[in-house]
Amino acid sequence: MPSSPMRADEHLFCGICANAVQFARDVAGGENPVKVLFVLLAASLALILTGCAGEGDPAKAVESYLQAVVQSDADAMRGLTCAALEAQVQDRASSFAAVDASLDGLSCARSGADGSYTLVTCQGAIVIDYGAENSRIPLGTYRAIREDGDWKMCGEG
Amino acid sequence: MLTKTFRAISSLLAAALLLGTAMPAFSALAQQEDADASITVPVFERTALRTGPGDTYAQIDSLPAGASVTLLERNRAGTWLHVIAPGAGEGGADLNGWLLSGYLTLENVRFSQVPVNDSIADADLSAVSSPDLASLYAVPVVPTINSAMREVFARGLEAGNNPNVIAKIGDCNTATGLFLAPIASGAYDLGPYDHFQDSIDFFAESFANNSEAARIGFNAIAVFDPLWANRDRCLANESPLSCEFRRINPSVAVIMFGQNDMRVLNSEQYDQYIRQIVDTALMQNIIPVLTTFTSDQADEELFPRSLRYNLIMVAIAREYGVPLINFWSAARILPRYGIGEDNAHLTASGTRVNFATGHEARYGASLHNLLVLQALDEIYNAIIADARG
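Residues numbered from 1 in each chain as written. Chains lettered and ligands numbered in written order. Predicted model: local features only at pLDDT ≥ 70, side-chain atom pairs only at ≥ 80, totals over all residues. Heavy atoms only, no water.

A.B. asks: Can you tell me about the packing of aromatic side chains, naming the residues and giving the values?
C.D. replies: All names here are of chain B. Scanning all chains against the criterion turns up eleven aromatic pairs over all chains. Pairing Tyr193 with Phe196 gives two aromatic rings, centres 5.7 Å apart and planes at 25°, and the pair type is stacked. A relative accessible area of 0% places Phe196 in the buried class. Residues Phe202 and Tyr380 carry aromatic rings whose centres are separated by 5.5 Å and whose planes lie at 55° to one another, so their mutual orientation is tilted. Of this pair, Phe202 sits in helix H6 (residues 197-207) while Tyr380 sits in helix H12 (residues 364-388), and the two are 178 residues apart along the sequence. The class for Tyr380 is buried, based on a relative accessible area of 6%. Clustering of aromatic rings is evident, with ring pairs tying together Phe111, Tyr193, Phe196 and Phe355. A cation over an aromatic ring shows up here: Arg362 above the ring of Tyr103, its NZ or CZ 4.3 Å from the ring centre. (Phe/Tyr/Trp six-rings, centres within 6.5 Å; stacked < 30°, edge-to-face > 60°. Buried < 20%, exposed > 50% of the residue type's maximum accessible area, 1.4 Å probe, protein only. Helix = DSSP H or I, 4+ residues; strand = E, 2+ residues; numbered from the N terminus. Lys NZ or Arg CZ within 6 Å of the ring centre and 35° of its normal.)

Shown next, in the form of structure tokens:
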């Protein structure tokens, strides 16, 4: 059976989960919906227990990316940045290196699509502490894209 | 007929002689009036008298509080005054030298009435041994505005830039509410710097602007990073710098980076991104006014770095022919060089911009304000004042 393009609602799943339906059909040995549903539930439970659900969520990926940014962790940022923006990782890490930054009230959720990108809107702010001063940068909407089976942050939405 | 002609010539000669006799008297009278117009003011805190307007010039003597001096001229910035201290020398001799204007009581002095000495350098380079220091000291404190900047300004007006709007680009020392902002609300006292009033009236409204391109913790890279932009005011993928330029359409951008940059960026990155800021400004026909940053000379690790980064700033200003304020050089005379113990924040006193009591000779934030106002005044006089008639 030829693989079909990923539907929008399937973006909720990670690389393993994306093919879960087909996997469930294969395991269930047919199209029996009860069997397929059972296999899907079992697979989902297994994935949640193994902690894979976060990596499969673009919102979680953006949250992880923002955490890496405020920690000026270039390696972590690189793993969460799309290929198109990889060259900018070091500069962004450098731009945050001089400050003590943190996230206040971070909460991201999928908010739509922009071409091949999934849009993720985040509530909260980056808080910059510098000596006795601080300032807040309100968070906004970011683009996420799936590359090599993982969600990556790919610019502003 | 001959008699009439003779009488006429005689009268002319008599008049000429009378005038010739009277001229020295007129001249003496004029000199007397000049002498009467000379301004004598008291020193209110002990200060050094030097051979020129800068800390590199040799110290001649020091004058105690209460000593009187007669003003002769000032440097361009107004931060140093050339004076005579009558009878203050050995054996009652007059002393002639330069001292910091901020250590004098200048209540009734208006710098618009004090001659400017443009020929004397801001530093005595023969007294500076380090090549890096000498290179930095050699840069004038106050920039002059060249014809290329006039053209930039004119093109900007054609493109819709606001002639009386400035953009503030920089780190915490630019983002602070102490930088120019009090002037917009009238919380300022120019003291003797009365000559700034016209340019302040012209630009002041924009001083209140809370710049998107000035933020605590900023460095020259951050100003290009959309993640640092306030998403409530900036467009998607818009950098803080582009956001600010789009929002306010300035004609002038006052730029100072370095305190954070020297800690986290290498010199190549600093060079690259300062250039990019200048390029971005010039592409939009905005005059970029670069500023060197001050640093604590006692910090053995950061001070040499600050010299390198400031020299990069100087080199870029020269290469592009854009104005540069040499704040670093002027700040050498400030206590702790005008920088706090964190070697990051400028020292400050009060929330007013106050040049009436010598704050600019004591605090980094005050001197920063003064020199930026001076640079804007140069722009105003070189470009705008004539056009306004």
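On we go.
A.B. asks: Lay out the interface of chain B and chain A with the relevant residues and their values.
C.D. replies: The interface is formed by 24 residues belonging to chain B together with 26 residues belonging to chain A. Across the chain B/chain A interface, buried area totals approximately 2,100 Å², and carbon plus sulfur atoms make up 59% of it. If you sort the residues of chain B by the area they bury against chain A, Ile216, Leu227 and Trp228 of chain B come out on top, with a joint share of 33%. For the salt bridge of Arg92 of chain A with Asp225 of chain B, the shortest nitrogen-to-oxygen distance reads 2.4 Å. For the interface between chain B and chain A, the tally reads eleven residue pairs in polar contact (both at pLDDT 80 or more). Split into classes, the residues belonging to the side of chain B that touches chain A amount to 13 nonpolar, seven polar and four charged. (Contact = heavy atoms within 4.5 Å. Buried area = accessible area lost by both parts, 1.4 Å probe. Salt bridge = Lys/Arg side-chain N within 4 Å of Asp/Glu carboxyl O. Polar contact = N/O pair within 3.5 Å; in protein donor to acceptor, adjacent residues only side chain to side chain. Nonpolar A, V, L, I, M, F, W, Y, C, P; charged D, E, K, R; others polar.)

A.B. asks: How would you explain the side chain of Glu244 of chain B if you had to name every residue and give the values?
C.D. replies: Summarising the element assignment, Glu244 of chain B is placed in helix H7 (residues 240-248). Apart from the residues lying within four places of it in its own chain, the contact partners of Glu244 of chain B are Ala167, Asn209, Ser211, Glu212, Ala213 and Asn249 of chain B.

A.B. asks: Account for the sheet that holds strand E11 (residues 324-325) of chain B, with residues named and values stated.
C.D. replies: Residue and element names in this part refer to chain B. With respect to topology, four strands assemble into an open sheet ordered E7-E9-E10-E11, the strand pairing being parallel. The outermost strands of the open sheet, each flanked by one partner alone, are strand E7 (166-170) and E11. As judged from the two bridges shared by strand E10 (residues 287-291) and E11, these two strands associate in the parallel manner. Along E11, the bridge assignment pairs Thr291 with Ile325. Its contacts with the sheet place H7 against E7 and strand E9 (252-256), and it is angled at close to 170° to E7. (Pairing = 2+ DSSP bridges. Axes fitted to C-alpha atoms, helices over the stretch in contact; angles between N-to-C directions.)

A.B. asks: I'd like to hear about the state of the cysteines, residue by residue, with values.
C.D. replies: According to the stated counting rule, one finds three disulfides over all chains in the structure shown. One disulfide bridge connects Cys82 of chain A with Cys154 of chain A, the sulfur atoms lying 2.0 Å from each other. Here Cys82 of chain A and Cys154 of chain A share a disulfide; its torsion about the S-S bond, 70°, makes the bridge right-handed. With Cys82 of chain A in the loop between helix H5 (74-79) and helix H6 (89-97) and Cys154 of chain A in strand E5 (residues 150-156), this residue pair connects regions lying 72 residues apart in the sequence. Using a relative accessible area of 0% as the deciding quantity, one classes Cys82 of chain A as buried. Paired by a disulfide, Cys234 of chain B and Cys243 of chain B hold their sulfur atoms 2.1 Å apart. For the disulfide bridge between Cys234 of chain B and Cys243 of chain B, the dihedral angle about the S-S bond is near -85°, and by the sign convention the bridge is left-handed. Comparing Cys234 of chain B with Cys243 of chain B, the two get one shared label, buried. Sequence-ordered numbering of the bonded cysteines in chain A gives a pairing of 1-4, 2-3. (Disulfide = S-S within 2.5 Å.)

A.B. asks: Outline the packing of H6 of chain B against H12 of chain B, listing residues and values.
C.D. replies: Residues and elements named next belong to chain B. Between H6 and H12, the shortest axis-to-axis distance is 9 Å and the interhelical angle comes to 110°. Judged by the inter-axis angle, H6 sits roughly perpendicular to H12. Like other packed secondary-structure pairs, H6 and H12 cross with a definite hand, here right-handed. The segment H6 lies against H12, with Asp198, Ser199, Ile200, Phe202, Phe203 and Phe207 engaging Leu373, Leu376, Asp377, Tyr380, Ile384 and Arg388. Counted by class, the contact of H6 with H12 contains eight nonpolar, one polar and three charged residues. (Parallel < 35°, antiparallel > 145°, perpendicular 65-115°, else oblique. Left-handed = near helix turned anticlockwise from the far one by under 90°.)

The analysis is restricted to geometry; functional conclusions fall outside its scope.
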